[in-house]
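Here are the chains, one letter per residue:
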Amino acid sequence: MTVRRRIPLWLRGVPWLALLVLAVVGICAIGGDDILPADPNQLNLADAFRPPFWAANGSVGNPLGTDNLGRDILSRILAGSRISVIVAAYAIVFSGGIGALAGLVAGYFGGVVDAVLMRLIEIQQSIPSIALALIIAAALEPGLSTVIFVIVLTYWAWYARIIRGEVMTLKGRDYIAFARVAGVGTPTILMRHLLPNIFNTLIVLATLQVGQVILFEASLSFLGLGIQQPDISWGLMLADARQYITNAWWAITMPGIAIMLTCLSANVFGDWLRDRLDPRLRQL
Amino acid sequence: MSRFLLHRLLQGLVSIVGASIVIFLISRLSGDPVQILLPSDATPEMIAETRRTLGLDLPLWHQYVIFAWDALRGDFGRSYRWQMPALRLILDRLPATILLAVCGLIFSVAVAVPVGVLSAVRPGGWTDRVGRIFAMLGQAMPAFWVGLLLILLFAVQLNWLPAFGYGGVSHIIMPAIALGWYPVAAQTRIVRSAMRDVLDSDYIRLSRALGTPERWIVWKYALRNAAVPLLTMLGVYFAAMLGGAFVVETIFAWPGVGRTVVEAVFSRDFPVVQAGVLFTSILFVLSNLLVDLTYGIVDPRIRDDR
Amino acid sequence: MNHWRISVLAALLASITAGAAAQIPKPATGNLTIAFAAEATMLDPAKSSAGVDQYFFGQIYEQLVRPDPSLKRVNWLAESWSVEDEGGKPVIDVHLRQGVKFHTGDTLTSDDFAFAYNRLRDNKVSKWSHLQASVEAFEIVDPYHFRIHFKQGDGSYVADNLQLWAMSKAYFDRVGDETFGNTPVGTGPWKFVSRTIKEDLKLEAFDDYWNPTQRPTVKNLTIKIIPEDLTRVAAFKTGAVDWIDSVPPSMVEEFRKMPGVTTASYVSPNNMYIAMDAIDDAVPMHDVRVRQAAAYAIDVDAIIKSVLFGQGERYAEVGKGEIGYDSDLKPYPYDPKKARALLAEAGYPRGFDIPCYNLTTQREPYQKEMGEAVFAYLSAAGIRCKVQGQEYGAWISFGRRDRPGHIDGFYSNMWGHGLPGDPGTPWAGHVHTYVPGAGWGITSVHSDPELDALIEQLKATMDLPERDALIRKIARIKHDRVAGGLTTYRPIVTFAWHDNVTFVGWPTPGFWRNLQQIGLKQ
């Protein structure tokens, strides 16, 4: 009789590559300036437009080349991950939190509260999100906090709508009715009975959002109303590189590849999580 | 049915009015167009005079009333920057945006349907694998980056396609791809799961047993049914295309509403921002209405939902 | 008659007719399509507020005086003019050129300039009405002779090519304000045909144009508007357009080497500088040594070479070709050691932290990158910049003094000296102390009584040689004290055209985008 070594069921199918990329991004974000190969804001005009190390005139000192001010692109990409992580984290936590709360309250209480919420959501969803974001960013001073604020304002409605649907389904269940009869207070019902059951959904929604949030921030920064210098954002790097697209193809491809890998990994991980936790959300 | 339609139309109207108030308030808080319009050494008197001429010295509620009253009669004010009515500026450019959105949608459907079908029929096959990767990439790349890469490759390096503007078919290929790539993943998923459900159903099994060729079953019978969920969602994707158009038009110098509104936001050209966002909202609401309508026709159970 | 006399007679006759024919210019023929990178929003000179508007109306309207292609001032619609003194107050006496026609056929007379003056000083029409503030009266002596009476000296009138535009009063009275603005009529070499916003402007050569030699030789001109660099370059390379302005700086070398293409580079009359707060006692730049340290800390030449692809001209205080240009006054050299020594001497051996404001919306090529480079150099020398980006709307409000607060650090700014160039008005705006309500120092964060007095004197000086001497004097003081900001460069703009096009660049109106002498080779 042979003893077969089996991968435990829960470890099978885990997207290792995606997790690896996300881990790298996370480490760069937390690690700070010390782990960067070079100072991402260090100008070196004499070294401008150096191509990646595998091309002629490239050097290993600047593995992915330099931009038009001689700054090391690899260091800037790694530094940019910090902004992406911060924006994604804050934006998702706040929009998820606010959205979930709104959806919880509206779904449970129904009536006027629900009607008002639905109207708000509809108004919000009838304005193209990038237009709304641009106008709000132009009104407030563009920067990191404005970007987070704008993203929260754009995405809370999505969470609210779905959570509301969940809650409306759940509140008809027997155990909720029993709790009410037993005299359990409303806040307790919301927090201890409903919330844990929608938690899975919330987690899945949040991970699916990571990619979207990163893309949205990149678009906003690209248009000039997102992250501002001296903060480094991948979208901002692409905006800067656009003017010399014919001189330095690497400046316009490398930051984009960073965005792509991060979003891809987040999406793959989110899909896997969704399949494990709540396959009903497949339509999303 | 008509009650449902009326109800949804009313809802849509409320949304549009609400949107216009929101945009009005926020844009007027977004900064001072007067200082952008005047020379940098304009005197304070000149600034005050210009503000008065543009009606910007009135209280906000008064400004909104004037705007709403004029808008109902079709007057959306004059662009601060271009000496022409804002409505003309927007309406002249609306067709270009709609064209771009439609072409983006065509591209995404043209990719999603074959890939979705083949994934369902031959799971694990190379079309399935390649298709899935293509779809996943689309969801992971910003549309503007796709556009820039396409320009870099096809316009700058290879010189096959023009990098700009509005002309013939060759001008719309790259913008349509950049715009339409994102929803491919979701659409493929819809087609694939719908196809799988249909292929497992009894009447398909019956057809197979009766000897109908597989190709017919897949492409004629199954697809027709699998198309339904996709078609009902088309409105949502059209709205998504409209949203993505803002950035894509800017990259490709596409003379559409999106680019005009982006420029207007930067130059604080309130009438143009107002008119542009309003008309895009109208299109949004109409597309979503279409989705609900099709859903309502397809699945009567939904109709009773709020 | 013998054969000899007949041939002499024939030769004489031939030369007379040839001479006569040479006086009558050949009618223009042919079509030409060109592209501009920016377009006008206003076609009426009286209502215009942006320099870029001249790109369009500058082809249609003309002024009394203008600089020629070598930047020398020549009389244009003015046959002659002079500044006289009448009872202690200056008077500009102008004799108008006779026989100049508007596009509608009306003849240009003093009435038209009186009409222009009244429009330009009406603050309900013109955004620059304050420029006419020193004028007391406009006196018409006869249809070709008028006198502008001033309350006091106004140097800007002389510096700005006598400011007035030839606008047809008869046309305005016939068609009214709206049509006057949409369908402009002037005395210039080009007639307005049509305009599509964000697309193109169509012009037709004016056959009855007054100048027989300096005029276009092509009949129909289409100016396409292509703001995107790649697009404009592609249109040029494929031959869709035969002439472009604004070759992207990163491609200038490539264009210069292109076969069948001619390029011409001109200095753009926009004077870039770095403003610095020198009015607060608490701010380090209050000390002249710190300001000088900033000047030594920045390697402007390296920035021009690397960031601007060489498309910039360094200037000390007044650029080459401008009135008051002093070739002996050299810009600050790059000397980071000296910068640090000066900082230590001023009491900042370890440097200091200061906010630095950079304009992120592009008004000149690579301006944002230039600002980043400048602030990086400052930081390297110890003036640690906390860089803040501002988009245009925020930036322009921030720079004005008529708001609570003022620029509290370094601020990337610019103020063009015009063409051929005179720093009077710019210095009044950013070097003179801010005086609320009086029009001085609207964006100034400097205060120096000696400079203030000299600048006020300059404003009243209408004699050109006197202005030249006074400007040189002010420039030296301004340079030594790094007053009103640190000058950096003037951008260089390059035009390109295919070899089938003939073009001579005129500086105004239109900041070199002037199609006075453009044509197709026969």
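Residues numbered from 1 in each chain as written. Chains lettered and ligands numbered in written order. Predicted model: local features only at pLDDT ≥ 70, side-chain atom pairs only at ≥ 80, totals over all residues.

Considerations on the overall build of chain B
- A tally of regular secondary structure across chain B gives 13 helices and zero strands.
- Judged by the C-alpha coordinates and their principal axes, chain B covers about 85 × 55 × 30 Å.
- Residue burial in chain B is summarised as follows: out of 306 residues, 47% are buried.
- Residue pairs in contact within chain B that sit at least 24 positions apart in sequence constitute 72% of those at least 6 positions apart. (Helix = DSSP H or I, 4+ residues; strand = E, 2+ residues; numbered from the N terminus. Buried ≥ 20, exposed ≤ 12 C-beta atoms within 10 Å, placed from the backbone. Contact = placed C-beta atoms within 7 Å.)

Digging into the overall build of chain A
- Looking only at helices and strands, one finds nine helices and zero strands in chain A.
- Along the chain direction, N to C, the helices and strands of chain A fall in the order α-α-α-α-α-α-α-α-α.
- Over its C-alpha atoms, taken along the principal directions, chain A stretches across nearly 75 × 70 × 30 Å.
- Split into buried and exposed, the 284 residues of chain A put 51% on the buried side.
- Here the analysis covers contacts within chain A between residues at least 6 apart in sequence; of these, 71% occur between residues at least 24 apart.

A closer look at the interface of chain C and chain B
- Taken together, the 24 residues of chain C in the interface contact 28 residues of chain B.
- Among the elements of the structure, α6 (229-237) and α12 (392-399) of chain C are those that each provide at least two residues to the side of chain C that touches chain B.
- No other element matches the five residues that α12 of chain C contributes to the side of chain C that touches chain B.
- Per-class residue counts for the side of chain C that touches chain B are eight nonpolar, eleven polar and five charged. (Nonpolar A, V, L, I, M, F, W, Y, C, P; charged D, E, K, R; others polar.)

So, the packing of helix α8 (residues 288-297) of chain C against helix α10 (residues 336-345) of chain C
Residues and elements named next belong to chain C.
- Across the interface, α8 lies against α10 with an axial gap of 8 Å and an inter-helix angle of 165°. As summarised for this structure, α8 and α10 are arranged roughly antiparallel, according to the angle between their axes. Every pair of crossing elements has a handedness; the one defined by α8 and α10 is left-handed. For the pair α8 and α10, the contacting residues are R289, V290, Q292, A293, Y296 and A297 in the first and P336, K338, A339, L342, L343 and E345 in the second. (Axes fitted to C-alpha atoms, helices over the stretch in contact; angles between N-to-C directions. Parallel < 35°, antiparallel > 145°, perpendicular 65-115°, else oblique. Left-handed = near helix turned anticlockwise from the far one by under 90°.)

Here's the deal with the packing of helix α8 (residues 169-180) of chain B against helix α11 (residues 214-252) of chain B
All names here are of chain B.
- At a closest axis distance of 9 Å, the pairing of α8 and α11 adopts a crossing angle of 135°. Overall, the two elements α8 and α11 adopt an arrangement that is oblique. Handedness of the α8/α11 crossing: right-handed. Contacts between α8 and α11 pair M174, P175, A178 and L179 from the former with M241, G244, A245, V248 and F252 from the latter.
- Broken down by class, the residue content of the contact of α8 with α11 amounts to eight nonpolar, one polar and no charged.

Re helix α14 (residues 449-460) of chain C
Residues and elements named next belong to chain C.
- With twelve residues, α14 ought to run about 16 Å at 1.5 Å a step, and its terminal C-alpha atoms sit 17 Å apart, in line with that.
- Taken residue by residue, α14 has L451, L454, I455, L458 and K459 as its buried positions. One side of α14 holds all its buried residues, which, seen down the axis, span an arc of 145°. Counted as exposed and oriented over 90 degrees from the buried face of α14: P449, E450 and A453. (Expected span 1.5 Å × (residues − 1). Arc of directions from axis to C-beta.)

What to know about the nonpolar core
- Among the nonpolar cores identified, the biggest contains 239 residues, and L134 and I151 of chain A together with V248 and V261 of chain B are the most heavily contacted of them.
- In terms of residue count, the dominant contributor to this core is helix α5 (residues 86-121) of chain B (17 residues).
- Setting aside residues no more than four positions away along its own chain, V261 of chain B makes contact with A131 of chain A together with F246, V272, V273, G276 and V277 of chain B.
- With 66 residues, the next largest nonpolar core counts Y296, A339, V431 and V445 of chain C among its residues. (Core = buried A, V, L, I, M, F, W, Y, C linked by C-beta atoms within 7 Å.)

Considerations on the sheet that holds strand β5 (residues 89-96) of chain C
All names here are of chain C.
- Strand order in the open sheet formed by four strands is β4-β5-β7-β6, and the pairing between neighbours is antiparallel. Only two strands of the sheet have a single partner each, and these edge strands are β4 (78-86) and β6 (135-142). Ignoring strand direction, the axes of neighbouring strands in this sheet form an average angle of 20°.
- With eight bridges joining them, β4 and β5 adopt antiparallel strand pairing. In the strand pairing of β5, E86 is matched with K89. (Pairing = 2+ DSSP bridges.)

What about the sheet that holds strand β15 (residues 352-359) of chain C?
All names here are of chain C.
- The five strands lie next to each other as β16-β15-β17-β13-β18, forming an open sheet whose pairing is mixed. Bordering the open sheet on either side are β16 (383-390) and β18 (486-487), each of which pairs with just one other strand.
- Across two bridges, strand β13 (residues 272-276) lies against β18 in antiparallel orientation. Its bridge partner being in β18, Y273 is matched across the sheet by T487.
- Helix α11 (residues 367-380) contacts β13, β15, β16 and β17 (410-414) of the sheet and is inclined by roughly 170° relative to β15.

Comments concerning the interface of chain B and chain A
- Counting from both sides, the interface comprises 39 residues of chain B and, opposite them, 34 residues of chain A.
- Those elements giving two or more residues to the side of chain B that touches chain A turn out to be α1 (2-28), α6 (126-140), α7 (143-157), α11, α12 (257-266) and α13 (270-298) of chain B.
- Along the lines of polarity and charge, the residues of the side of chain B that touches chain A split into 28 nonpolar, eleven polar and no charged.

Notes on unusual backbone geometry
- Across the junction of Q229 of chain A and P230 of chain A, the peptide omega takes the value 0°, indicating a cis bond.
- Among the secondary structure elements, P230 of chain A is positioned in the loop between α7 (186-223) and α8 (234-241).
- Residue L419 of chain C is joined to P420 of chain C through a cis peptide bond whose omega torsion reads 0°.
- Of note, P420 of chain C is situated in the loop between β17 and α13 (424-430).
- You will see that A253 of chain B, though not glycine, has its phi angle at about 55°, which is positive.
- Within the secondary structure, A253 of chain B is located in the loop between α11 and α12.
- A positive phi angle, near 55°, is found at Q163 of chain C, a position not held by glycine.
- Position of Q163 of chain C among the secondary structure elements: in the loop between α4 (155-159) and α5 (169-182).

Thoughts on the confidence of the model for chain B
All names here are of chain B.
- On average, residues of chain B score 85 in pLDDT, and 94% of them reach the 70 mark or higher.
- The least confident element of chain B is helix α10 (residues 202-209), whose mean pLDDT is 79; the most confident is α12, at 92.
- Overall, residues 302-306 carries pLDDT values under 50, and its contacts beyond four positions in sequence, including any with other chains, amount to four contacts.
- Interface confidence in the predicted complex, given as ipTM, is 0.86; pTM for the same model is 0.87. (pLDDT = per-residue confidence, 0-100.)

Considering helix α3 (residues 110-120) of chain C
All names here are of chain C.
- For α3, a buried count of eight out of eleven residues is recorded, marking the element as mostly surrounded by other parts of the structure.
- Inspection of α3 places S110, D112, F113, F115, A116, Y117, R119 and L120 among the buried residues, and these make up the whole buried set.
- In this fold, the buried residues of α3 make contact with β5, β6, β7 (145-150) and α5.

Points about the confidence of the model for chain A
- Confidence along chain A averages 84 in pLDDT terms, with 93% of residues attaining 70 or more.
- Element-level pLDDT for chain A is lowest in helix α6 (residues 174-181) of chain A, with a mean of 77, against a maximum mean of 92 in α8 of chain A.

Overview of the environment of V184 of chain A
All names here are of chain A.
- Considering the arrangement of structural elements, one finds V184 in the loop between α6 and α7.
- For the pair V184 and I252, spaced 68 residues apart in sequence, the C-alpha to C-alpha distance is 59 Å.
- If we ignore the near neighbours within four places in the chain, the residues touching V184 are A179 and I189.

Examining the environment of T502 of chain C
Residue and element names in this part refer to chain C.
- Relative to the helices and strands, T502 resides in strand β20 (residues 501-504).
- By the C-beta count within 10 Å, which is 16 here, T502 ends up partly exposed.
- A C-alpha to C-alpha distance of 9.5 Å links T502 and T262, two positions 240 residues apart in sequence.
- Ignoring any residue separated from it by four or fewer positions in sequence, one finds T502 in contact with I518, G519 and K521.

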